[in-house]
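Inside the fold
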Amino acid sequence: MKIPPGSIELHDAAKKHGSTWRALRRAIYRKRLKGFKVGSAWFSTETEVKRYLKSRNVNKIPKRYR
């Protein structure tokens, strides 16, 4: 399977936006973030990650759980 253009791996998205990859993966499982798996790596799009993180009230979440 080819990775669509504009996709970003969850590890990279988490580093870029100050979150954790586990939080993003959990959001995919809970259907709050659109994502897909290729091999053993999880991917989403940059716009979806931004939309999801904007919908959360990050200031109330401790840094270790973001």
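Refer to the structure above for everything that follows.
Predicted model only: the values in this text are computed from it and were never measured. (Residues numbered from 1 in each chain as written. Predicted model: local features only at pLDDT ≥ 70, side-chain atom pairs only at ≥ 80, totals over all residues. Heavy atoms only, no water.)

Next up on the list: the pattern of salt bridges. Note that side chains of opposite charge can pair when their charged atoms are close. On inspection of all chains with the given rule, the structure shows two salt bridges. When the shortest N-O distance is used, the salt bridge between K16 and E46 registers 3.5 Å. In this pair, K16 is assigned in helix 1 (residues 10-17) and E46 in helix 3 (residues 46-55), connecting sequence segments 30 residues apart. In this structure, R51 and E48 form a salt bridge, with 2.9 Å as the shortest nitrogen-oxygen distance. Taken as a pair, R51 and E48 lie in helix 3 at a separation of three residues, close to a single helical turn. Residue class for E48 comes out buried when judged on its relative accessible area of 16%. (Salt bridge = Lys/Arg side-chain N within 4 Å of Asp/Glu carboxyl O. Helix = DSSP H or I, 4+ residues; strand = E, 2+ residues; numbered from the N terminus. Buried < 20%, exposed > 50% of the residue type's maximum accessible area, 1.4 Å probe, protein only.)

Despite not being glycine, K31 shows a phi value in the positive range, around 60°. Here K31 shows up in the loop between helix 2 (21-29) and strand 2 (36-38). On the basis of relative accessible area, K31 is assigned to the exposed category, the value being 76%.

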